[in-house]
Structures are given as structure tokens and as C-alpha cells.
Amino acid sequence: MSIAALAVLTATLTGVAEADQNLTLTLPSPTGPHHVGVTTLHLVDADRPDPWSTDGRPRDVVISVHYPALNVRDHPVAPQLTPTAAADFSWYAPVAFKHLPTSGVDWAATLTHSHVDAPARPTRRPVVLYSPGLSEPRAFGTTTAEELASRGYVVVTVDHPGEVFSVDLPTGPRRFALPGDPSTDPALYRAVIATRLTDTAFVLDQLEILASGGNPDAEGRTLPKNLARTLDLRRIGLYGQGLGGTIAAEAMHEDQGRRIDAAINMEGFLDYHPEQPGQDGELLPVAQHGVNRPLLLLGTEGFQTDRYRRAWSAMLTHHGVQQHILADANHWTLTDFAATAPQMHAAGLMDTIGLAAMVGTIDPTVAVPTVRRHVVTFFDHHLR
């Protein structure tokens, strides 16, 4: 089903519960020396209207901040999805991911390894932002975010309301609200990119408030102890998967203040959609002109198309750009599905064709550490 059809379904959604929830999916533990804390902030840009709403509300985003924790006693681990998001994903999963099971998974039961509001280690750390794929939540990048945090990074994962199947806001869930399908509407696709780029710059602004001892949370909720003392905004990285990868590359190109030091594009397009069928789309400015800071293109063997190869080849002509393609892997190997899709396959809830279409034939015991290693090594080299 297309994203346009998803928008129609969302408009009539009142909440559908999974009828038969059995399997509890697990995420791999981070391997670094630190326990991981996590907190959630609601950030409101009072100077910018939300382009995906009709009521004139200001633009807002929701972020999770993962960080090395001082101790985790009496701080429970966070679920991967909130109860509302998990309930929404039970209908969204088979709509957007045709190979995922329509029943048999308890999406609310998956736990992370991040402890809610645990006190932070009061040491300045490099900061890395993560932007997810279109319509996907920041939560599906938990595995890599926790790995980075366990190794001494502050990782900020970002949800862009209106583009995600469900985001929990203080006023209630905000569901998918785009006025069409960006994959078939070139103008809407450009508008989504522009909105995300502005969202990213706004989050960086709010992190400056946080690092200086302020509280950017719109509701003024209490922040974890020492959190402000963990951010070193002299060292900032950005990475993303799918559309988030596109944003990671282009945001660094547009970063006139040179706040972003390095970026990873995890299989995001580097061109706009063509205006007419059969044409090549215009290359994004970053692919046309390059960027004078390090950029890694991290892709999978199963998701390479002529469009990807054209734009990525253009990007590779510029200085400082690296590329690595994961053999036997497919697009969602770069997310938590690298670990969870094989569990659904082993339980008989996904066939072999569906597994290969999502994550390829790569073994999860290889896929997860390989993705983590590429991300950690790149940022260690350029931010440490």
C-alpha cells in the first residue's frame, strides 16, 4: 500500500489493537563499557507553523537523548515503542511493510537497554543526531543509538511529527498527516526534505540551550541529573537511514555555521524525484557540490538501484566521501529490523522471501555488529 493510502487509513484511525500478540522481540545489548540512560524531550518551535497541520499549530519535534549513565539503580529500561505507538504499529506494520506479520507479535513488549532518566556521567561527550526513514519512528534506530551511547556518545534521535505513523505528544498521539505521497509527488518530496532540514537545525539550537544549563522541553519536565554537562557541541555528528540519510548528508552541506563535523548517509537518495517519468531527478546540492567534511555512504547490496548508483557515484567524485556496501543485506538491515526480522522468521511469522526483502540473507549475528562497527569507527575517527 502506498503512503497516500496510508494517509487515508490514518485519517479514519481510532486505534486498533493486535488480536493475537504472542512473540516478544528482543534487541541486542550494547557492547560498550557504559550503562545507557535515556530521556525524552518535546521541543516546540514557536516561530514556525507546522506545514503538515491545518490548525496553525507551531512546529514541534520529539527527541530521545541516549547518554552514558552514572548509575541505573531504580531506573527501569524503556520500551522500544510507547504503548500508543505499539498499538498503532499493529495496523501500520502490514500496511507499510508488506512482509511483516499481521498478527502474532506483541509490539509493546520489546524492551531497550536504556534506563529512563538515569543520572548521566558528568563528562562532555561528542553529540550525534539520528534521523529515521520516512514514516518510521526514531525508535527503530535504537540498536545503533545504544551502542554509540555505551561507547561514550550522546545520541539524539528525532521524530518528525506528521511524517511518522505515530508520535506521542503531550496533547495525544500525532499520526501520519502528509497531504499525499512524497514518493510520487516531487513537490511534496522537496517540502518534506526542507521541513526535516529545518527541524534538524532547530534541534541543534535547542541542544545549545540544554548544554548551557537551560531546559528546552516545552513542558519543563525535570531533566536527568548531569545531562547538561554531557554535551560537547564542539563535536557533532549526524546519521540517518533512508530519508534520514538524505537529511544527514544535505544538512551537513547546508550547515553554514559548521556545527556538524561528520555525517553518515545510510541508504538515502541524493537526488530529488524527477518532474517527469523517465527523467533523472536533479541532484541534491550536496551531491552536486560536495562538502568539506567527512561523509560516509553506507548501503546494502539488495537495495542498490540505478537511481542510487547515479547519485551516489556523483557524490563519490567529491573529496572526503567514503562508501561501503554490506553484502547479502537489504535496506532495513540498517535499522533494528536487522535483529528482529530474523526472530519473526524463526517463529514462522515471516517467510524466507519476506525476510530477504527486508534484511537480506545476512545473519543477524553478523549484520548488527557490522553496522555498529561502521558507525562507531567512523565517528570515533572524526569526532574523538
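Above this text you will find the structure in question.
Parameters at a glance
Residues numbered from 1 in each chain as written. Predicted model: local features only at pLDDT ≥ 70, side-chain atom pairs only at ≥ 80, totals over all residues. Heavy atoms only, no water. Helix = DSSP H or I, 4+ residues; strand = E, 2+ residues; numbered from the N terminus. Rg over C-alpha atoms; globule rule 2.2 N^0.38 Å. Buried < 20%, exposed > 50% of the residue type's maximum accessible area, 1.4 Å probe, protein only. Pairing = 2+ DSSP bridges. Axes fitted to C-alpha atoms, helices over the stretch in contact; angles between N-to-C directions. Contact = heavy atoms within 4.5 Å. Parallel < 35°, antiparallel > 145°, perpendicular 65-115°, else oblique. Nonpolar A, V, L, I, M, F, W, Y, C, P; charged D, E, K, R; others polar. Phe/Tyr/Trp six-rings, centres within 6.5 Å; stacked < 30°, edge-to-face > 60°. Lys NZ or Arg CZ within 6 Å of the ring centre and 35° of its normal. Right-handed = clockwise from strand over helix to strand, strands pointing away. Salt bridge = Lys/Arg side-chain N within 4 Å of Asp/Glu carboxyl O. Polar contact = N/O pair within 3.5 Å; in protein donor to acceptor, adjacent residues only side chain to side chain. Left-handed = near helix turned anticlockwise from the far one by under 90°.

Novice: Is there a simple way to explain the overall build of the protein in this structure?
Specialist: When helices and strands are tallied, the protein shows 10 helices and 12 strands. Computed over the C-alpha atoms, the radius of gyration of the protein is 19 Å, within 12% of the 21 Å expected from 2.2 N^0.38 for a compact globule of 384 residues. Judged by the C-alpha coordinates and their principal axes, the protein covers about 55 × 50 × 45 Å. Split into buried and exposed, the 384 residues of the protein put 58% on the buried side.

Novice: Where do I start with the sheet that holds strand β5 (residues 125-131) in this structure?
Specialist: Sheet strands associate in pairs through backbone hydrogen bonding, adopting either a parallel or an antiparallel arrangement. Strand order in the open sheet formed by 10 strands is β3-β4-β1-β2-β6-β5-β9-β10-β11-β12, and the pairing between neighbours is mixed. Across the chains shown, the open sheet's two edge strands, defined by having one partner strand only, are β3 (77-79) and β12 (321-326). Going across the sheet, the axis of each strand differs from the next one's by a mean of 30 degrees, ignoring polarity. Where strand β1 (residues 36-49) meets strand β4 (residues 111-116), 3 bridges bridge the pair, whose relative direction is parallel. Considered in β4, the bridge of V38 is made with V116. The sheet strands contacting helix α4 (residues 186-211) are β1, β2 (58-68), β5, β6 (154-159) and β9 (231-241), and the helix crosses β1 at an angle near 115 degrees. Packing of helix α10 (residues 364-383) onto the sheet brings it into contact with β5, β9, β10 (262-266), β11 (295-300) and β12, and relative to β10 it is tilted by some 160 degrees.

Novice: What is the right way to read the packing of helix α8 (residues 337-346) against helix α9 (residues 352-359) from this model?
Specialist: For any two helices packed against each other, one specifies the inter-axial angle together with the distance between the axes. It is at 10 Å that the axes of α8 and α9 come closest, and there the two elements cross at 180 degrees. When the axes of α8 and α9 are compared, the pair comes out roughly antiparallel. The residues of α9 that touch α8, namely those facing F337, A338, A341, P342 and H345, are T352, L355, M358 and V359. Among the residues forming the contact of α8 with α9, the class breakdown is 7 nonpolar, 2 polar and no charged.

Novice: Can you walk me through the packing of aromatic side chains in this structure?
Specialist: Working definition: an aromatic ring pair is given by the centre-to-centre distance plus the angle between the planes. For the coordinates displayed, the defined rule picks out 18 aromatic pairs. With centroids separated by 5.2 Å and ring planes inclined at 75 degrees, the aromatic side chains of F89 and F140 adopt a geometry described as edge-to-face. Placement of F89 in helix α2 (residues 83-96) and of F140 in the loop between β5 and α3 (142-150) is noted, with a sequence separation of 51 residues between them. An identical accessibility class is assigned to F89 and F140; each is buried. When the ring centre of Y272 is taken as reference, the NZ or CZ atom of R190 above it lies at 3.8 Å. Taking the ring centre of Y153 as reference, the NZ or CZ of R384 above it sits at 4.3 Å.

Novice: Looking at this structure, I do not really get the pairing of β9. What am I missing?
Specialist: Every other side chain in a regular strand lies on the same face of the sheet, so the side chains alternate between the two faces. The element β9 is extensively covered by neighbouring structure, given that 8 of its 11 residues are classed as buried. Here β5 pairs with β9 via 7 bridges, running parallel. Looking across to β9, one finds that L129 is bridged to L238. The sheet contact formed by β9 and β10 spans 5 bridges and is parallel. Pairing of G240 across the sheet is with N265, part of β10. As a crossover connection, the stretch from β9 through helix α5 (residues 243-254) into β10 is right-handed.

Novice: Got a minute to help me understand unusual backbone geometry in this structure?
Specialist: A negative phi angle is the norm for most residues apart from glycine, just as the trans form is the norm for most peptide bonds. Despite not being glycine, D117 has its phi angle at roughly 60 degrees, a positive value. Inspection of the secondary structure assignment puts D117 in the loop between β4 and β5. Judged by relative accessible area, which is 23%, D117 ranks as partly exposed.

Novice: Can you help me understand the pattern of salt bridges in this one?
Specialist: Close approach of charged atoms allows side chains with opposite charge to pair. Scanning the entire structure with this criterion turns up 23 salt bridges. Ionic pairing is found between R175 and D88, a salt bridge with its closest N-O pair at 2.7 Å. Linking R175 in strand β8 (residues 172-175) with D88 in helix α2, this pair joins segments that are 87 residues apart in sequence. When sorted by exposure, R175 lands in the same class as D88, which is buried. Between D205 and R259 there is a salt bridge, and its shortest N-O distance comes to 2.8 Å. Taken together, the residues span a long stretch of sequence, with D205 in helix α4 and R259 in the loop between α5 and β10 at a distance of 54 residues. You can call D205 partly exposed: its relative accessible area is 33%.

Novice: Any chance you could explain the side chain of S90 here in plain terms?
Specialist: Within the secondary structure, S90 sits in helix α2. Separated by 2.5 Å, the side chain of S90 and the backbone oxygen of A87 make a polar contact.

Novice: Would you take a moment to explain the packing of α3 against α10 for this structure?
Specialist: At their nearest, the axes of α3 and α10 sit 10 Å apart, and the two run at 45 degrees to each other. On the basis of the axis angle, α3 is oblique to α10. Judged by the twist between their axes, the crossing of α3 over α10 is right-handed. Here T143, T144, E147 and L148 of α3 lie close against α10, whose contacting residues are V368, V371, R372, V375, V376 and F379.

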